[in-house]
Amino acid sequence: MMVHEENGVFPAVCPLDCPDTCGLLLHKEKGRIVKVTGNPDHPITQGAICNKVRNITERIYHPQRVLYPMRRTGPKGKGEFERITWEEAIAEITQRYKELIEQYGPESILPYSFYGNMGILGVDGMDRRFFHRLGSSQLEQGICNAAGNTGWKYTMGFGGGTSPEDILQAKLIIVWGGNIVSTNMHQVALIEKARKQGAKLVVIDVHCNRTGQRADWFIPLYPGTDSALALGMMHVLFEQGLVNEAFMQRYTLGHEQLREHVRQYTPERVAAITGVPAADIVALAQLYGEVSPAYIHIGNGLQHHDNGGMTVRTITCLPALTGQWLIPGGGAYKSNGAYGKVNSDALERPDLRANPEARTISMNQIGEALLTLTPKLRALFVYCSNPAVVAPDTAKVEQGLAREDLFTVVHDLFLTDTARFADIVLPATSSFENTDLYTSYWHHYVQIQEPVLPAQGESKSNVELFKLLAAAMGFEEEVFKDSEEDMIRQALNYADNPYLEGITLEGLQEKRFLKLNMAPKQNYLERLTTPSGKIELYSARMAEAGLPPLPTYIRVQEGYDGERRPGEQDTYPLMFISPPNHHFLNSSFANVGKHMEMEKQPLLQIHPQDAELRGIADGDEVIVWNDRGRYEVKASVTDKMLPGTVVSQGLWWEQEGKPRRANALTPDRLADMGGGAVFFSTVVEVRRP
Ligand SMILES: Nc1nc2c(c(=O)[nH]1)N[C@H]1C(S)=C(S)[C@@H](COP(=O)(O)OP(=O)(O)OC[C@H]3O[C@@H](n4cnc5c(=O)[nH]c(N)nc54)[C@H](O)[C@@H]3O)O[C@H]1N2
Ligand SMILES: Nc1nc2c(c(=O)[nH]1)N[C@H]1C(S)=C(S)[C@@H](COP(=O)(O)OP(=O)(O)OC[C@H]3O[C@@H](n4cnc5c(=O)[nH]c(N)nc54)[C@H](O)[C@@H]3O)O[C@H]1N2
Ligand code: SF4
Ligand SMILES: [Mo]
């Protein structure tokens, strides 16, 4: 057992919510991890890892790590706690839950979780069993990729696209609304290899991020206008005969309607909307129509808008016009999660729920839900997420968390901005301290983590915690006694997913990573699960859902495009974009000294024209505000975006009372599809203090 070995080098998996899901090696000396490196044997990540995780021991051995259960002693939000025992903690939680269920029913309780640790058993396993059996309210987890994935699925059905291994063959690579140098570094490594063989890299973004800085061609545009750009490309592709008629006939539905429909999206009109010159739109379409294989990486950033689902849906149609799906190295990628889909019914056991109609609450509107729902939410159980930093509209979230009549439990490794509001804080293990199963939403390798360190302090894994809670609630079902190994077997036993064939617990224990059984690409187009079995350029299901059935540009609700620029009457004339930064993982690491040092400080990138109008110089402290809240950062005057867009990267924690959270400014509306979050459809004003 690796956990008992004092010295040696042990295999591990990166647990973070990052597409690369790297194979790691943990170097132990005298029982302590002293170094973290990449596992060179991993076929995709090949021994390279990011700086965040090279320094992850700073997080694991952080002096402020929560190591024992605590009970609140001061006002909510103050962060004043006393140490208690696990017995006391579990007794208090289960007693409160029993009382609440008795008095108000189980839907008065809401779990709130995301993927702070991607281990499947901990976030889509024992936790789900517990809350299903409890009969709690249900959480709609739309904070990350829900809008875009829904848009993709309307078009393609199956939630998977081009494989990493194929990218090497591409001759044109378009990275659209993604910052993969920071968020998917091994894809960059593959792209760089492809470039050595002549491939061109085009990056389309609202600011010239680290990825844009490497591009052969960087195309800036107004936020939320990407669907117009894609429609303009379609206009040119059809008009110049750059489409593949045979492919469209055989594999798509609605290409005749689409051809008619995109006549209105002339390069001139699209230029007016997007801010991209008409000649560039034509050139981009020609490049895309003529260079093959052409691969499109669809990032997550462009779908955090009111129209995010439609944007991804529209871009997803492009390779179907040119037939790029048939060409190895062509096609597109939004997520490859569906290839590795495990048996979630067996893992999560929704059948344990006696009230399948229990209400569902969007995690993007947690503040609103805590403040206004009737019947009231009376208990919140937060794990693997930090809503006080990552959820939109911070003021509302905090107001909700501050409710005296709300019983909040937070299970985490740190006293996060959310945990400061908890009644009970429970210590969580790091992923290197327990067993879990990992798939990637990009590459095709399944991996296992087995403990390399003993649980630090009195911390417990999610699986252990929910087993304990189930026992204390008196839940007697056998499923609450399953071991991690049992659960891994259940997860992998899934005849509905042929890609999982041959992946076993024993195989993973022996080899650490196993490749999914990838069907040949031709089968991919035969396996589309849209109602028609074709790529749906026209989607009747979208029409049923009240959406335009053909790809269409719809302006964001809060914001501007080139056709509607801010006027005198607009109090908030700037669009505010707050994507992740390089050295944090969402809000994780934002409390780790080393990572904060590497990141230095939160900045607001502002265009010289916008800065001059406001008398702002590079390096000035500035206040960014709107009706929702306030954010204080340092100005970085740069022409990396079009005028009218300001950008601040990174999800920082509150520090020394300074308003440092970007989500103070973001709206809790839901996107056009999938209940997605719309962080980037927001407007602000900026001034010096
Ligand atoms: N280092 C690091 N890596 C991470 C994360 C992290 O926090 N830090 N987070 C992880 C998670 S959970 C996710 S979901 C992924 C996200 O990673 P990506 O897919 O790269 O997405 P984002 O970084 O959210 O946004 C990418 C870009 O979208 C741009 N953008 C915003 N609005 C628009 C628009 O309207 N149009 C266009 N074209 N571009 C727009 C932003 O400027 C940003 O440069 O990264 C994962 N990896
Ligand atoms: N403004 C703005 N907001 C955003 C985004 C953006 O781009 N801009 N991105 C959005 C996106 S894409 C996402 S995915 C979300 C992510 O939001 P979250 O999923 O909340 O991600 P993190 O901030 O990393 O918080 C994860 C928490 O889980 C804890 N944790 C880690 N491992 C474990 C464990 O094993 N057990 C338990 N119990 N806890 C653990 C970590 O310590 C950390 O506090 O943020 C969203 N918010
Ligand atoms: S965060 Fe991403 S790139 Fe960094 S080690 Fe983890 S999986 Fe690899
Ligand atoms: Mo995400």
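It should be emphasised that the depicted structure is a prediction, and the values quoted were computed from it without experimental measurement. (Residues numbered from 1 in each chain as written. Chains lettered and ligands numbered in written order. Predicted model: local features only at pLDDT ≥ 70, side-chain atom pairs only at ≥ 80, totals over all residues. Heavy atoms only, no water.)

1. Topic: the site of ligand 3
Residues in close proximity to ligand 3 include Cys14, Leu16, Cys18, Asp20, Thr21, Cys22, Ile49, Cys50, Lys52, Val53 and Met185, which together make up its full environment. Tallied by class, the residues present in the shell around ligand 3 amount to eight nonpolar, one polar and two charged. (Near = heavy atom within 4 Å. Nonpolar A, V, L, I, M, F, W, Y, C, P; charged D, E, K, R; others polar.)

2. So, the pattern of salt bridges
Summed over the entire model, instances satisfying the criterion amount to 42 salt bridges. When the shortest N-O distance is used, the salt bridge between Asp405 and Lys376 registers 2.8 Å. Here the residue Asp405 occupies a position in the loop between helix 19 (394-401) and strand 16 (407-412), and Lys376 occupies one in the loop between helix 17 (366-372) and strand 15 (379-383), the gap between them amounting to 29 residues. The exposure class assigned to Asp405 is partly exposed, which follows from its relative accessible area of 32%. A single network of salt bridges, built from pairs that share partners, joins Arg72, Lys76, Glu404 and Asp423. (Salt bridge = Lys/Arg side-chain N within 4 Å of Asp/Glu carboxyl O. Helix = DSSP H or I, 4+ residues; strand = E, 2+ residues; numbered from the N terminus. Buried < 20%, exposed > 50% of the residue type's maximum accessible area, 1.4 Å probe, protein only.)

3. Considering the nonpolar core
In this structure, Tyr97, Phe130, Trp176, Leu318, Trp325 and Phe381 are the most contacted members of the largest nonpolar core, which totals 175 residues. Counting residues per element, this core draws most heavily on helix 10 (residues 226-239), which supplies nine residues. The residues contacting Trp176, other than those within four sequence positions of it, are Ile204, Asp226, Leu229, Ala230, Met233, Ile296, His297, Ile298, Gly299, Leu302, Ile315 and Leu318. Ranked by size, the runner-up nonpolar core spans 22 residues in total, among them Ile173, Val188, Leu190 and Leu201. (Core = buried A, V, L, I, M, F, W, Y, C linked by side-chain atoms within 4.5 Å. Contact = heavy atoms within 4.5 Å.)

4. Describing the UniProt feature "domain: 4Fe-4S Mo/W bis-MGD-type" (unreviewed entry) in the protein chain
With numbering matched to this structure, UniProt assigns "domain: 4Fe-4S Mo/W bis-MGD-type" (unreviewed entry) to residues 7-64. In the segment residues 7-64, helix accounts for 14% and strand for 34%; the C-alpha atoms at its two ends are 26 Å apart. (UniProt positions renumbered as here; feature names shortened; annotations may be inferred.)

5. Some remarks on the packing of helix 13 (residues 267-274) against helix 14 (residues 278-290)
For the pair helix 13 and helix 14, the least separation of the axes is 8 Å and the interaxial angle reads 110 degrees. Comparing their axes, helix 14 and helix 13 come out roughly perpendicular. Classified by chirality, the crossing of helix 14 by helix 13 is right-handed. Judged by residue contacts, Pro267, Glu268, Val270, Ala271 and Thr274 of helix 13 engage Ala278, Ile281 and Val282 from helix 14. By residue class, the composition of the contact of helix 13 with helix 14 is six nonpolar, one polar and one charged. (Axes fitted to C-alpha atoms, helices over the stretch in contact; angles between N-to-C directions. Parallel < 35°, antiparallel > 145°, perpendicular 65-115°, else oblique. Left-handed = near helix turned anticlockwise from the far one by under 90°.)

6. Here we look at the sheet that holds strand 4 (residues 70-72)
The six strands lie next to each other as 5-4-17-16-15-6, forming an open sheet whose pairing is mixed. Unpaired on one side and paired on the other, strand 5 (81-83) and strand 6 (109-113) mark the two borders of the sheet. On average, adjacent strands in this sheet sit at an angle of 20 degrees to one another, irrespective of strand direction. Pairing analysis gives two bridges linking strand 4 to strand 17 (residues 424-427), with the strands arranged antiparallel. Directly across from Met70, in strand 17, lies its bridge partner Val425. (Pairing = 2+ DSSP bridges.)

7. Re the environment of Gly507
Inspection of the secondary structure puts Gly507 in helix 22 (residues 505-511). Gly507 gets classed as buried once you look at its relative accessible area, which sits at 15%.

8. Quick look at the sheet that holds strand 9 (residues 200-205)
Reading across from one edge, 10-9-8-12-13 is the order of the five strands in this open sheet, with parallel pairing throughout. Each edge of the open sheet carries a strand with a single partner, namely strand 10 (217-220) and strand 13 (331-333). Across the sheet, the mean angle separating the axes of adjacent strands is 15 degrees when strand polarity is ignored. Relative to strand 12 (residues 294-298), strand 8 (residues 172-176) runs parallel, the two sharing five bridges. When the sheet's bridge partners are listed, Ile174 is paired in strand 12 with Ile296. Against the sheet, helix 9 (residues 185-196) makes contact with strand 8, strand 9, strand 12 and strand 13, and its axis sits at roughly 150 degrees relative to strand 8, the strand it touches most. In the packing of helix 15 (residues 308-322) onto the sheet, the strands contacted are strand 8, strand 12 and strand 13, and the crossing angle to strand 12 comes to about 165 degrees.

9. Points about the packing of aromatic side chains
In this description, an aromatic ring pair is defined by two values, namely the gap between the centres and the angle between the planes. In the structure shown here, the tally under the stated rule is 21 aromatic pairs. Note on Phe131 and Tyr383: the rings are 6.3 Å apart at their centroids and 10 degrees apart in plane angle, and the pair reads as stacked. One end of the pair, Phe131, is in helix 5 (residues 126-134); the other, Tyr383, is in strand 15, with 252 residues separating them in the sequence. Relative accessible area serves as the criterion here: at 2%, Tyr383 is assigned to the buried category. Between the aromatic rings of Trp325 and Tyr524, the centroid separation amounts to 5.4 Å while the plane-to-plane angle is 35 degrees, which identifies the pairing as tilted. (Phe/Tyr/Trp six-rings, centres within 6.5 Å; stacked < 30°, edge-to-face > 60°.)

10. Regarding the domain arrangement of the protein chain
As assigned here, the protein chain comprises domain 1 (70-144 + 340-515), domain 2 (162-333 + 525-544) and domain 3 (574-687). The partner domain 3 presents 22 residues to the 25 residues of domain 2 that form the contact. Interface of domain 2 and domain 3: buried area, both sides summed, is about 1,900 Å²; carbon and sulfur atoms make up 58% of it. Of all residues in domain 2, His207, His304 and Asp306 give up the largest surface area on contact with domain 3, accounting jointly for 34% of the area buried on that side. (Domains from an automatic or database assignment. Buried area = accessible area lost by both parts, 1.4 Å probe.)

11. Focus on unusual backbone geometry
In terms of backbone geometry, most residues other than glycine have negative phi values and most peptide bonds are trans. Between Ser292 and Pro293 the backbone carries a cis peptide bond, its omega angle lying at -5 degrees. Along the chain, Pro293 falls in the loop between helix 14 and strand 12. Across the junction of Thr374 and Pro375, the peptide omega takes the value -15 degrees, indicating a cis bond. Examined against the element boundaries, Pro375 turns out to sit in the loop between helix 17 and strand 15. Backbone geometry at Gln46 places phi at a positive 45 degrees, although glycine is not the residue there. Tracing the sequence through the fold places Gln46 in the loop between strand 3 (32-38) and helix 1 (51-54).

12. With respect to the layout of surface pockets
Here the second largest pocket is characterised by a volume of approximately 460 Å³. Taken together, 24 residues form the lining of the second largest pocket, with Arg210, Glu599, Leu603, Gln605 and Gln649 sitting closest to its centre. Secondary structure elements with two or more residues in the lining of the second largest pocket: helix 25 (593-599) and strand 23 (603-606). Split by domain, the residues of the lining of the second largest pocket number at least three in each of domain 2 (162-333 + 525-544) and domain 3 (574-687). (1 Å grid on protein atoms, 1.4 Å probe; cavity = no way out; pocket = protein on both sides within 12 Å on 5 of 7 lines; lining within 4 Å. Points joined across faces, edges and corners; volume = space filled by probe spheres on them.)

13. Looking at the site of ligand 2
Around ligand 2, the surrounding shell holds 33 residues, and the nearest of these are Ser385, Asp412, Ser578, Ser587 and Ser588. Between ligand 2 and Ser385 there is a distance of 2.8 Å, counted from an oxygen atom to a side-chain nitrogen or oxygen. In the model, a nitrogen atom of ligand 2 is placed 2.8 Å from a nitrogen or oxygen of the Val390 main chain. When ligand 2 sits alone it has 920 Å² of accessible area, and the protein chains cover 96% of it. Of the residues that constitute the shell around ligand 2, the class distribution is 15 nonpolar, 15 polar and three charged. Taken domain by domain, the shell around ligand 2 gets at least three of its residues from each of domain 1 (70-144 + 340-515) and domain 3 (574-687). (Polar contact = N/O pair within 3.5 Å; in protein donor to acceptor, adjacent residues only side chain to side chain. Areas by Shrake-Rupley, 256 points an atom, 1.4 Å probe, with all protein chains shown as cover.)

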